[in-house]
Amino acid sequence: MTNPHRNKLFGGEVDWFTILLWLLLCVIGWFNIHAAVFDPEHPGLFNMNTNYGKQSIYIFSAMIIAATILIVDAKFYSSFSPVFYAITILLLIAVLIVGRNVGGNQAWIPIGSFRLQPSEFAKLATCLLLARFLSAHSNKSPNLKTLLVGAVVIMLPVVLVLLQPDTGSALAFFALVFVFYREGYISGPWMLFGALAILLFVLTLAFNQWAVIAVAAAITGLGIYYFRRKRKIITSLVILFVISATYVFCVEFVYDNILQSHQRDRINLILGQMDDPRGIGYQLNQSKIAIGSGQFWGKGYLQGTQTKYNFVPDQSTDFIFCTIGEEWGFVGSMVVIGIYLTLLLRIVNIAERQRTAFARIYAYGVASILFFHFAINIGMTIGIVPIIGIPLPFISYGGSSLWSFTILLFIMLKFDANKKGIA
Amino acid sequence: MNGLFERKYIIQGIFIAVAIVIASRLFYLQLIDETYLLSANNNVLRKMVIYPARGVILDREGKVLVQNEPVYDLLVTPREVVDLDTALLCELVGIDREGFERRMTTARNYSPYKASQFEKQIPASAYAKLQEHLYKFRGFYVQNRTVRNYPDSIAAQFLGYIQEVNDRDIERSNKFYRPGDYIGATGVESAYEELLRGQRGVKNVMVDAFNRPQGVFAEGKYDTLAVAGDELVSSLDKELQVLAEKLMRNKIGSVVAIEPATGEILTFVSSPSYDPNMMVGRERGNNYMKLLNDPFKPMFIRPIQAQYPPGSIFKVVNALTAQQAGMIDEHTIFNCPGGYRYGGGRAIMRCTHVDGSIPLVTAIQRSCNTYFGYSYARMIDHRNLPTAEAYTLWRNAVMKFGIGESLGIDLPGEKSGLLPTADYYTKRYGNARWGSGFNISLSIGQGEMGVTPLQMANIMAIVANRGFYYRPHLIKAIGEKKIAKPEFTEKISAGVDAKYYEPVVEGLSRAVNVPGGTGYSVRIADIEMCGKTGTAQNPHGADHAVFFAFAPRDNPKIAIAVVVENAGYGGVWAGPIASMLIEQYIKDTITLPKYIQDRIFNADLLPKLETGKSTEADKVTSSRRADPRKDPEEEPLFVHHRILANRHD
């Protein structure tokens, strides 16, 4: 197993290809942040009062952090994972008390001019602790008790983040379901079942609940006819139908009584139930206009009118993909998506080549979290998922997000480089 | 490694599937659906209209009649206003605190981010002071525009005025005009609107999400420049117009002078007039109401809208048409016993004098009613035709002189005048057995007849030309183009051969140049002026004085008609005015005795107004004519024959 991208710089074989992908995303991010906040009257590239000026500091410090992580002994991360977890939980509690309220979410702790966002680091700590906990039970066959305890590890920060309330960040934790799937805690049918649940949720809200139940009944009927000789399958189909119907009613109930009105609006917009380009739909509409108007080759660097003239709110953070879509067009978008996909597949491959369950589980956690952010963030800018404010990893402006994703990724690289050294 | 290893492919498969979903959605957004590109352009592009300067109007010598003067609109973008020194601003703009708040509220209601008008048409003098302090008023901008300016304050009815378009104008123009645009409402401004208005330019400006301008789009590649309106050269002689308006001051009436060789109108006075500058600027609204409520109706364009029984000038037309019809010739002699008896001798149309046997030339010179009574009777009664047919033949011949239909001058609102048809009389008298005795007043231009001062002047132009005219017009050239409209160069025949004009011209010459002639007192040394006094009957009060003339007799340079309402005898008031204008135009000097000049300049012939009682002018010009653009209803001019009995001049 010789790989040209590895050498022995950090006491092991570092996966330089992943580092290259990481660096590419950071640089793409920096240029697009520059475009998003570009002001023709102050064209300097390193003005420290601007977002792109600050981002260059964040990228530089992220590099130092990355190097530090690679130098520190790998055992440190596994041994201290409970401590990290405890610290972030405390920070999540602290943010509820002393946090700064920005855009309706109490998610930031101001430290000087910098604003720390504990929820970003909570994903990292949760990932580490989950890996440690599951790997400790990896010699036994997967059982419900371990699954439940693992779920508690995830749910604790989720509840605290929901209290801010930051639904987007909270949902990101659920991406760790892939980890349970890989480790055998969740079976394939249950994953399908989950996918079905999401599908039914969307369909119920998009269409009438009775229509959804009618269609489900028809499909069940067809299934019963097809499997008429197999009593067992018929039984499970009927049970599935009953559960689905109940679930559909629950969704309707949750939607009407539990979701907050802004969440309902966002969901409605995505489902096309609400057409309101001046009000709540403004951001999504302008985002689609920006991306759609980029066409094949894009308008060119610093030439995007939607970008330059601030038509899309939050454009350097959550909606950074608009700038990419507008100025670099379909070609640029495909390049970015290609880099992400390559990175994700690479991480899964890295995970599978780990010798320890801890490193493997952790790497899957990293893949899951990055995948969720990638899919949901880009999905919301092009109108296929509801708008939930989560950043695009390594590209969106922001120190907390860049650092936490960098740490997340480089701890994995450290495990990978050091896999011979870890017991 | 365990059996769960294969799940890696499931997970990677999910990652790939999701990436494909995103990619296909991007494919649709960026490559298939074109509407997003349009929306993006709509977002940032604002088309700003650049207003062209309206065309200037010059007199025939190239002197300015109307020009553009810069004024300044003060705009405000309410959102940008900070630390405003309200008191100073109010003082500079000339408004009070309340007015300030009202304007700010209006602007804020329009849009906090967009600039809107705060105060319009600040004159240059006030702007100079404001400009010095403008830097202190953040959020306030000045936009300059041009308004009309009339350096000599003359020719108001001729030039007309412009006003903001109303909804109907916008609709009629197929949305060419936008609210706030100006359009020519009357006069030349209206007649030549499409040339004067020029071409608007468009500047494509990019704006940000808050509609704040961010610079030009595509380096101005799609911008168009505004093209200034065409320069119009009018036929008016400014000096002559100024003199004519001075002479007509404090009188009601009209002066129309035409260059016979071209049909170009040299002078076009409607009196009382007004200063056209009143229709410009911040006081426009008040002034407009003032003019509308003025009992003398200054907005009424008398030269083309006032209609009078023409009086003696019509004898000229009758003399010519009767010759052409072969009913009389220059040797035809009628006996004048001091009046023309008709209706079997029961009625009489009197003359001022008893001339006995009188030939045509003398009849014109002395304006003999009897002579034209006879000649008209021949035209109607002695042609071996049914009366209606004979009358129609006569009427058609008369109409060729531009009577009874509009001449097609390049001004809106021209009246056609009045010349009844045969049917009118047949209906009025119940059968076709009427004859010349039933409307004998037409022989001397009285009765059911209406002729505008423009038509009178045109008749003189026809006589001056010995048989033809060019459509009278006010604009002779457009920019570099020497011809305004092709129809103005078309020679129009009056239907009477040139040879028949000589006795008439001789008679008109004698009326001025032979002692005892009605115009002898206003004759001009060195210039053989041919003309006549006339009296236009006024059933409502004192008659209107009329004088019409052309000069010189050979190669005439000017044909003129002067009408002074309620002034009585034509020779006293209208004659001197015509004489002075002709001499001024031809010789650039006036030799008429000073005391006559002073009498004219100083005369105040305006009817005395009594409060609560409608005035002469009101009746004559009809109070319904408040809006000069609206066609006043026809007002048949009817004079009973009994009044005619003692008519003479």
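Residues numbered from 1 in each chain as written. Chains lettered and ligands numbered in written order. Predicted model: local features only at pLDDT ≥ 70, side-chain atom pairs only at ≥ 80, totals over all residues. Heavy atoms only, no water.

### A closer look at the interface of chain B and chain A
(1) Moving on: On the chain A side, the residues contacting the 35 residues of chain B number 45 residues.
(2) Moving on: Its largest share of buried area at the contact with chain A, chain B owes to Arg 7, Phe 15 and Gln 30 of chain B, together 19% of the area lost on that side.
(3) Moving on: Inspection of the region where chain B meets chain A yields 0 salt bridges.
(4) Moving on: Per element, the largest residue contribution to the side of chain B that touches chain A is 19 residues, and it comes from helix H1 (residues 7-32) of chain B.
(5) Moving on: In the side of chain B that touches chain A, the residues fall into 24 nonpolar, 6 polar and 5 charged. (Contact = heavy atoms within 4.5 Å. Buried area = accessible area lost by both parts, 1.4 Å probe. Salt bridge = Lys/Arg side-chain N within 4 Å of Asp/Glu carboxyl O. Helix = DSSP H or I, 4+ residues; strand = E, 2+ residues; numbered from the N terminus. Nonpolar A, V, L, I, M, F, W, Y, C, P; charged D, E, K, R; others polar.)

### Describing the packing of aromatic side chains
All names here are of chain A.
(1) Moving on: Within the structure shown, the criterion is met by 44 aromatic pairs over all chains.
(2) Moving on: Considering the side-chain rings of Phe 76 and Phe 80, the 4.9 Å spacing of their centres and the 35° angle between planes classify their relative orientation as tilted.
(3) Moving on: When its relative accessible area of 34% is taken as the criterion, Phe 76 is described as partly exposed.
(4) Moving on: For Phe 80, a relative accessible area of 38% translates into the label partly exposed. (Phe/Tyr/Trp six-rings, centres within 6.5 Å; stacked < 30°, edge-to-face > 60°. Buried < 20%, exposed > 50% of the residue type's maximum accessible area, 1.4 Å probe, protein only.)

### Considerations on the domain arrangement of chain B
Residue and element names in this part refer to chain B.
(1) Moving on: According to the domain assignment, chain B consists of domain 1 (47-149 + 193-229) and domain 2 (238-287 + 305-624 + 637-644).
(2) Moving on: With centres defined by C-alpha atoms, the gap from domain 1 to domain 2 works out at 50 Å.
(3) Moving on: The interface of domain 1 with domain 2 comprises 14 residues on the first partner and 12 residues on the second.
(4) Moving on: Taken together, both faces of the contact between domain 1 and domain 2 bury some 1,000 Å²; the carbon and sulfur share is 50%.
(5) Moving on: Between the two partners, domain 1 and domain 2, sit 3 salt bridges.
(6) Moving on: Applying the counting rule to domain 1 against domain 2 returns 4 residue pairs in polar contact (both at pLDDT 80 or more).
(7) Moving on: Taken together, the elements giving at least two residues each to the side of domain 1 that touches domain 2 come down to strand S3 (64-76), strand S4 (116-122) and strand S5 (140-149).
(8) Moving on: Taken together, the residues that form the side of domain 1 that touches domain 2 break down as 6 nonpolar, 2 polar and 6 charged. (Domains from an automatic or database assignment. Polar contact = N/O pair within 3.5 Å; in protein donor to acceptor, adjacent residues only side chain to side chain.)

### Some thoughts on H1 of chain B
(1) Moving on: For H1 of chain B, spanning 26 residues, the distance from its first C-alpha to its last is 36 Å, which sits close to the expected 38 Å at 1.5 Å a residue.
(2) Moving on: Among the residues of H1 of chain B, those classed as buried are Arg 7, Lys 8, Ile 11, Gln 12, Phe 15, Ala 19, Ile 22, Ala 23, Leu 26, Leu 29 and Gln 30 of chain B. (Expected span 1.5 Å × (residues − 1).)

### A few points about the pattern of salt bridges
Residue and element names in this part refer to chain B.
(1) Moving on: With the rule as written, the count across this model stands at 29 salt bridges over all chains.
(2) Moving on: Of the charged contacts in the structure, one is a salt bridge between Arg 54 and Glu 189, with a shortest N-O distance of 2.8 Å. Residue Arg 54 is found in the loop between strand S1 (45-50) and strand S2 (57-58), and its partner Glu 189 is found in helix H8 (residues 187-191); the two are separated by 135 residues along the sequence. Glu 189 carries the same exposure label as Arg 54, and that label is buried.
(3) Moving on: Because the salt bridges share partners, they merge into one network encompassing Arg 466, Glu 502, Glu 506, Arg 510, Glu 528 and Arg 553.

### So, the nonpolar core
(1) Moving on: With 122 residues, the main nonpolar core has Tyr 362, Phe 374 and Phe 394 of chain A as its most contacted residues.
(2) Moving on: Sort the elements by how many residues they give to this core and helix H16 (residues 357-381) of chain A lands first, with 18 residues.
(3) Moving on: Every residue in contact with Tyr 362 of chain A, bar those within four places of it in the chain, is listed here: Leu 124, Cys 127, Leu 128, Ala 131, Ile 407, Leu 408, Ile 411, Met 412 and Phe 415 of chain A.
(4) Moving on: Counting 100 residues, the second largest nonpolar core, distinct from the first, contains Ile 57, Val 188, Val 398 and Tyr 425 of chain B. (Core = buried A, V, L, I, M, F, W, Y, C linked by side-chain atoms within 4.5 Å.)

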